[in-house]
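Descriptive analysis of the structure
Single-letter residue listing:
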Amino acid sequence: MGDEKNPLQFTYEDASRQGIDMSMIAVCRKLRRLAKLDRLRLDENEHRSGLNKHLFDYIGYCGRDVLDFIKQYLSNLQPYMIVRRKDQEPERSFLCVIDHIYRVSVYIKADTRQFEEVIISFHEDNKRGIARTNNLIPADNMRYVPIFADSVLSCIEHENRYVVKAFFQRGLTVLGLELAAAKCEDLFIVEKNAIHMQFLSYCNDYIRDLYTSDLDLDFDRIEVFSVLQQISFTSYGRDTFSSVSILIDSLCIQKDMISKSLADFALVTFVQNLKLTDEQRQELMSLLEEKFRVTSIRGIDLILMRVRESLYLE
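Because the structure is a prediction, the values reported are computed rather than measured.

A negative phi angle characterises most non-glycine residues, just as the trans form characterises most peptide bonds. In this model, Asp38 sits at a positive phi of 60 degrees, which is unusual for a non-glycine residue. With respect to the helices and strands, the residue Asp38 is situated in the loop between helix 2 (25-36) and strand 1 (40-42). At Glu185, a position not held by glycine, the phi torsion is positive, near 55 degrees. Note that Glu185 resides in the loop between strand 9 (173-184) and strand 10 (187-191).

With respect to the element layout, Met24 can be found in the loop between helix 1 (12-17) and helix 2. Residues Met24 and Val97, spaced 73 residues apart in sequence, show a C-alpha to C-alpha distance of 9.2 Å. Beyond its immediate sequence surroundings of up to four residues, Met24 is in contact with Pro79, Ile82, Val83 and Arg84.

Moving on: the packing of helix 8 (residues 257-272) against helix 10 (residues 300-310). Relative placement of two packed helices is described by the angle separating their axes and the distance separating the axes. Between helix 8 and helix 10, the least distance of the axes is 9 Å, while the angle of their chain directions is 35 degrees. Relative to helix 10, helix 8 is oriented so that their crossing is right-handed. Between helix 8, through Asp264, Leu267, Val268, Val271 and Gln272, and helix 10, the contact on the second element is made entirely by Ile303, Arg306, Val307 and Ser310.

Relative to the 16 Å expected for 12 residues at 1.5 Å per residue, helix 2 spans 16 Å between its end C-alpha atoms, a close match to the ideal helical length. Taken together, the buried positions of helix 2 are occupied by Ile25, Val27, Cys28, Leu31, Arg32, Leu34 and Ala35. Directly beyond the C-terminal end of helix 2, a positive phi value near 60 degrees is found at Asp38.

Once that is clear, we can look at helix 9 (residues 278-291). For helix 9, built from 14 residues, the straight-helix expectation of 20 Å at 1.5 Å per residue is met to within 8% by its first-to-last C-alpha distance of 20 Å. For helix 9, the set of buried residues is Gln280, Arg281, Leu284, Met285 and Leu288. One face of helix 9 carries all of its buried residues, which in axial projection span an arc of 130 degrees.

This part covers the sheet that holds strand 6 (residues 144-147). With antiparallel pairing, the five strands of this open sheet are ordered in space as 6-10-9-8-7. The sheet is open, and its two edges are formed by strand 6 and strand 7 (151-155), each paired on a single side. Here the average twist between neighbouring strands, direction ignored, is 45 degrees. Strand direction decides the pairing type here: strand 9 and strand 10, joined by four bridges, are antiparallel. Bridged to Ala182 within strand 10 is Ile189.

What follows covers the pairing of strand 10. Of all five residues in strand 10, four are buried, a share of seventy percent or more. As paired strands, strand 6 and strand 10 are joined by four bridges and run antiparallel to one another. Considered in strand 10, the bridge of Tyr144 is made with Glu191. The antiparallel pairing of strand 9 with strand 10 creates a hairpin that spans two residues between the two strands, and Glu185 there sits at a positive phi of about 55 degrees.

Another aspect to go through is the side chain of Lys260. Mapped onto the elements, Lys260 comes out in helix 8. Asp256 provides the closest opposite charge to the buried, salt-bridge-free Lys260, at an N-O distance of 9.0 Å. Reaching out from Lys260, the side chain makes a polar contact with the side chain of Tyr61 at a distance of 3.4 Å.

Across all of its chains, the model carries six aromatic pairs by this definition. A ring pair is formed by Phe69 and Tyr73, whose centres lie 6.2 Å apart and whose planes are at 35 degrees; its orientation type is tilted. In this pair, Phe69 and Tyr73 are both assigned in helix 4 (residues 66-75), four residues apart and thus about one turn of the helix distant. What makes Phe69 buried here is its relative accessible area of 5%. Their ring planes at 85 degrees and their centres at 6.4 Å tell us that Phe168 and Phe199 sit as a pair that is edge-to-face. Placement of the pair is Phe168 in strand 8 (residues 162-170) and Phe199 in helix 5 (residues 192-211), with a sequence separation of 31 residues. We classify Phe199 as buried; its relative accessible area is 5%. Site record: aromatic cluster; members linked through ring pairs are Tyr80, Phe168, Phe199 and Phe265.

Cut-offs and rules
Residues numbered from 1 in each chain as written. Predicted model: local features only at pLDDT ≥ 70, side-chain atom pairs only at ≥ 80, totals over all residues. Heavy atoms only, no water. Helix = DSSP H or I, 4+ residues; strand = E, 2+ residues; numbered from the N terminus. Contact = heavy atoms within 4.5 Å. Axes fitted to C-alpha atoms, helices over the stretch in contact; angles between N-to-C directions. Left-handed = near helix turned anticlockwise from the far one by under 90°. Expected span 1.5 Å × (residues − 1). Buried < 20%, exposed > 50% of the residue type's maximum accessible area, 1.4 Å probe, protein only. Arc of directions from axis to C-beta. Pairing = 2+ DSSP bridges. Lys, Arg positive; Asp, Glu negative; His and termini not counted. Salt bridge = Lys/Arg side-chain N within 4 Å of Asp/Glu carboxyl O. Polar contact = N/O pair within 3.5 Å; in protein donor to acceptor, adjacent residues only side chain to side chain. Phe/Tyr/Trp six-rings, centres within 6.5 Å; stacked < 30°, edge-to-face > 60°.

In structure tokens:
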């Protein structure tokens, strides 16, 4: 990455010429700044779809204050996570972006009429599979993406080679990741798959911990991600169902906010990385709904909806 003759002078223009999407940097920077300055107000009016009510209820179930969660989420937003939805901006003063990393799209409509404060309308929407519409996901096929880093851990003198620490939101959890990077003016360029692989590694560790805990479960019954970092439903059959079931059970039994947030991270990461056909997703969801049909578990409907959205099911 960068100009071979001047490796320390890597610019936005250099990155764009190499096919790296730099279009969301300014919008992302604005949202991060306002969130960190606590200059957000939340529009809590229920949408006609009711989709924001489900999200707010789920955040509450996990012990989080909705506005605090959204401030945290926006404070850790990264440019590659979002695309602009100008068709959803009724006035020039509005910003509307969609988070395509979750696959369940999270719309952020920010009314910027007041320069130093934004009103956030925040909700999930995966109607018609919009979260996986290819033309809305320019970063999905990119090898490298721009990020805002929190700190530089090391660098090689006279070379544009760094190791940085950056924070990423996944589900309800924030993870601090260490990544190899190249400096690009005031931010850094990293390999997107390196981020993804660390998420999967955390998820695998969580699942292993479940099966070595005091839950009296047999770890051999679960297949964690293979070397290829994916689950094959057809290969593992019931193990996929068992794996999702135990992740749901783990979320249900957690007693505090941090533990529930970590359980949510593992559940979302695991489900979104399943490689399933439409029929297999429907079958898996049907099995889960049947299993938990008769239960007194508080919030189970919210959790099953979380799984359904992550499976792309309408």
